[in-house]
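Notes for the structure review
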Amino acid sequence: MPSLISPSTPTFSSSTSSKLQWVVIISTLIIGFVIMISNKNPDCLSENNGGKTSPHAVTTHNQENENGEALLLSSSSSSSFRRTDNSRILSEQLSKLQGLEEGLARARSGIRNAARNQTSHGEDKNSIYRNAGEFHWSYSKMEKMFKIYVYEEGNPPLFHNGPYKGLYSTEGMFINGIETSKQLRTRDPDRAHVYFLPFSIKVMVRYLYESDSQDVEPIKRTIADYVDIIARKYPYWNRSSGADHSMLSCHDWGPRTSSSIPLLNKNSIRALCNANTSEGFNPSKDLSFPEINLRKGNLPVIVEGLPPSDRSILGFFAGRLHGNIRVILVQHWKDKDDKILVYDHLPAGISYGTMMRKSRFCLCPSGYEVASPRIVESIYSECVPVLISDHYVPPFSDILNWNSFSVQVRVNEIPNLKTILMSITEERYLELHKNLKQVLKHFMVNDPPVRHDAFYMTIHSIWLRRLNFRINT
């Protein structure tokens with residue numbers, strides 16, 4: 001069983017301590033010139049916005065050296081700013097970073113030991129976890145030490161805000177959860193393991209996107225301007241090349257818009273519902289989290305489904321024909337079989353939820369994008385989800401053993417769908433059904449969040465990816 005932690009730990013040092021020390025030295029030598037220029041022209045314009053200040057950006061007074069690196073200066077710096085002050089601040093930052101990295105190294109070592117101990121006692125292939133001992137040890141360490149700094153720059157509605165109902169509601173739930181968490185959030189950026197970029201792609205689509213234009217450039221520019229501002233104002237983005245920074249998006253355009261910022265796309269921890277490896281999703285640094293449709297903004301209420309012996313429908317799907325996979329599914333199975341019930345529109349008087357709770361397997365084909373809220377709806381209904389997709393990485397798949405509670409079918413296997421489901425023995429089906437009850441807690445949404453729910457599982461996945469690299473001190 002592979003460990004949660006990579007065998008080797010990449011180091012990010014392109015803008016680390018030695019480079020920052022040179023920045024301080026250079027800044028001290030030219031401090032008089034910088035102050036003179038800043039007094040004459042106090043506004044710093046964003047390079048990413050063509051020399052114009054973004055309407056959603058916060059203007060800073062930081063200057064740059066000839067390499068484009070942000071100097072450790074602020075608008076409140078006085079003309080008597082001394083080299084000793086710079087050196088002391090830098091020394092304190094480096095000391096805190098070294099302490100953070102030492103703590104992460106100990107956690108990394110402990111998780112690897114837990115993985116080895118679990119393997120030595122044998123593996124339970126029916127467990128909902130890939131490695132239960134490793135997960136619980138890692139989760140415990142996360143609860144004790146993991147800290148996240150949320151940048152305070154930016155104003156609602158585009159920043160520090162997100163949707164609380166509908167298909168993309170997990171964006172708003174997560175942003176609110178992390179900003180209000182007394183356990184996770186730190187107000188001291190030097191104590192943080194990860195830095196969160198608090199924007200919502202869904203909200204940006206609402207305010208910045210012109211309907212039917214397919215023009216996402218305003219969204220890309222706003223994100224680029226925000227990253228540019230925090231990179232100028234703080235040292236943290238530059239010292240890790242963005243690797244210890246995280247963003248989250250459940251909107252389909254999350255990958256597309258974030259990919260326009262090279263370091264955000266290449267290095268940063270992206271939490272995405274649209275976890276499509278064919279579109280640049282990288283499981284070693286990005287994480288898949290669940291798409292949960294809170295239709296009216298209410299927390300999910302679980303209605304217990306029928307027991308396995310009373311579930312008379314072998315496979316069920318109902319949904320609009322979004323994307324080619326659903327078209328193929330409907331072409332092969334709509335009105336073709338009394339055991340595989342596939343609808344593009346449910347007949348009047350038939351309840352979608354009731355049908356799920358009467359079915360053994362719920363078909364979850366990808367739509368226009370790979371993620372589907374039906375996966376979580378199936379889990380809520382104790383209906384074994386059948387993931388029909390190519391290139392999709394299921395949520396929390398670094399922790400959860402999806403083979404223990406779901407069936408995964410490739411698109412080219414759709415014609416054989418009934419054969420595949422009928423070949424699953426009763427014993428195997430009962431095991432899948434039992435495991436659904438166990439895994440349910442990891443997909444629940446709570447306000448406030450509770451231990452092991454979808455919010456904290458997402459946080460844990462971010463924690464794991466932070467453990468998988470170190471910043472050179």
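Residues numbered from 1 in each chain as written. Predicted model: local features only at pLDDT ≥ 70, side-chain atom pairs only at ≥ 80, totals over all residues. Heavy atoms only, no water.

This brings us to the overall build of the protein. Assigned secondary structure in the protein consists of 16 helices and 12 strands. Across the 473 residues that make up the protein, the buried fraction comes to 55%. Restricting the contact set of the protein to residue pairs at least 6 apart, pairs at least 24 apart contribute 74%. Carbon and sulfur atoms provide 49% of the accessible area of the protein, an area that totals close to 20900 Å². (Helix = DSSP H or I, 4+ residues; strand = E, 2+ residues; numbered from the N terminus. Buried < 20%, exposed > 50% of the residue type's maximum accessible area, 1.4 Å probe, protein only. Contact = heavy atoms within 4.5 Å. Areas by Shrake-Rupley, 256 points an atom, 1.4 Å probe, with all protein chains shown as cover.)

Moving on, we come to the environment of His345. Tracing the chain through its elements places His345 in the loop between β8 (340-343) and α12 (352-357). Classification of His345 as exposed rests on a relative accessible area of 59%. Residues His345 and Arg320, spaced 25 residues apart in sequence, show a C-alpha to C-alpha distance of 6.9 Å.

Reading across the sheet, the five strands line up as β2-β3-β4-β5-β6 and stay open at both edges, with parallel pairing between neighbours. Both edges of this open sheet fall to β2 (148-150) and β6 (287-288), since each of them pairs with a single strand only. In terms of strand pairing, β2 meets strand β3 (residues 194-196) through three bridges, oriented parallel. By the bridge assignment for β3, Val150 is matched with Phe196. (Pairing = 2+ DSSP bridges.)

The next subject is the nonpolar core. Grouped together as the largest cluster of nonpolar side chains are 115 residues, with contacts concentrated most on Phe361, Leu363, Leu400 and Trp463. Residues from two domains meet in this core; each of domain 1 (88-290 + 453-468) and domain 2 (313-443) gives at least three. Discounting residues that sit within four places of it in the chain, Leu400 has contacts with Ile128, Tyr129, Arg130, Pro395, Phe405, Val439, His442, Phe443 and Met457. Among the nonpolar cores identified, the runner-up in size contains nine residues, and Leu341, Met355, Met356 and Cys383 belong to it. (Core = buried A, V, L, I, M, F, W, Y, C linked by side-chain atoms within 4.5 Å. Domains from an automatic or database assignment.)

Let us look at the confidence of the model for the protein. Mean pLDDT over the protein: 85, with 82% of residues reaching 70 or higher. Below a pLDDT of 50 lies the segment residues 14-81, which in the model reaches 102 contacts outside its immediate sequence neighbourhood of four places, other chains included. (pLDDT = per-residue confidence, 0-100.)

Contact geometry for helix α4 (residues 132-145) and helix α16 (residues 454-467): axes closest at 10 Å, N-to-C directions at 90°. Taken together, the axes of α4 and α16 are roughly perpendicular relative to one another. Across from Phe135, Ser138, Tyr139, Lys141, Met142 and Met145 in α4, the residues of α16 making contact are Tyr456, Met457, Ile459, His460, Trp463 and Leu464. (Axes fitted to C-alpha atoms, helices over the stretch in contact; angles between N-to-C directions. Parallel < 35°, antiparallel > 145°, perpendicular 65-115°, else oblique.)

What follows covers the state of the cysteines. Scanning the model with the defined rule gives two disulfides in all. Two residues, Cys250 and Cys273, share a disulfide whose sulfurs are 2.0 Å apart. Taking the sign of the S-S torsion, about -90° here, the bridge from Cys250 to Cys273 comes out left-handed. One end of the pair, Cys250, is in the loop between β4 (245-249) and α9 (254-258); the other, Cys273, is in the loop between β5 (269-272) and β6, and 23 residues separate them in sequence. Neither residue differs from the other here; Cys250 and Cys273 are each classed as buried. In this model, Cys362 is linked to Cys383 through a disulfide, with the two sulfur atoms separated by 2.1 Å. On the sign convention where negative means left-handed, the S-S torsion of about 110° between Cys362 and Cys383 marks this disulfide as right-handed. (Disulfide = S-S within 2.5 Å.)

A few words on the sheet that holds β8. Note: strands within a sheet are paired through backbone hydrogen bonds, in either parallel or antiparallel orientation. Pairing in this open sheet of five strands is parallel, and the strands run β8-β7-β9-β10-β11 from one edge to the other. Each edge of the sheet is formed by a strand with only one pairing partner; in this case those strands are β8 and β11 (407-409). For this sheet the average axis-to-axis angle between neighbouring strands, irrespective of direction, equals 20°. Inspection of the sheet shows strand β10 (residues 384-388) paired to β11 by three bridges, in the parallel sense. Its bridge partner being in β11, Ile388 is matched across the sheet by Val409. Its contacts with the sheet place helix α15 (residues 426-439) against β9 (359-365), β10 and β11, and it is angled at close to 95° to β10.

Attention shifts here to the environment of Val330. Positionally, Val330 belongs in helix α11 (residues 324-333). When its relative accessible area of 11% is taken as the criterion, Val330 is described as buried. A C-alpha to C-alpha distance of 6.4 Å links Val330 and Val342, two positions 12 residues apart in sequence. With residues up to four places along the chain from it excluded, the contact list for Val330 reads Leu321 and Val342.

Taken as a whole and judged by the stated rule, the model has 21 aromatic pairs. Centre to centre, the rings of Phe316 and Tyr352 are 6.0 Å apart; their planes meet at 55°, and the pair counts as tilted. Within this pair, whereas Phe316 is found in strand β7 (residues 313-318), its partner Tyr352 is found in helix α12, the two being separated by 36 residues in sequence. Using a relative accessible area of 2% as the deciding quantity, one classes Phe316 as buried. For Tyr352, a relative accessible area of 22% puts it in the partly exposed group. Three or more aromatic residues joined by ring pairs make a cluster, and in this case those are Tyr149, Tyr151, Tyr195, Tyr234 and Tyr236. (Phe/Tyr/Trp six-rings, centres within 6.5 Å; stacked < 30°, edge-to-face > 60°.)

Looking now at empty space enclosed by the protein. One simple way to see leftover space: roll a probe sized like a water molecule over the atoms. One pass over the full model with this rule turns up six cavities of 30 Å³ or more. If you go around the largest cavity, you meet 15 residues; those closest to its centre are Thr170, Met173, Phe174, Val445 and Phe455. Mapped onto the lining of the largest cavity, the elements with two or more residues apiece are α5 (169-179) and α16. Examining the composition of the lining of the largest cavity, we find that five residues originate from one element, α5, more than from any other. Residue classes in the lining of the largest cavity are distributed as nine nonpolar, five polar and one charged. (1 Å grid on protein atoms, 1.4 Å probe; cavity = no way out; pocket = protein on both sides within 12 Å on 5 of 7 lines; lining within 4 Å. Points joined across faces, edges and corners; volume = space filled by probe spheres on them. Nonpolar A, V, L, I, M, F, W, Y, C, P; charged D, E, K, R; others polar.)

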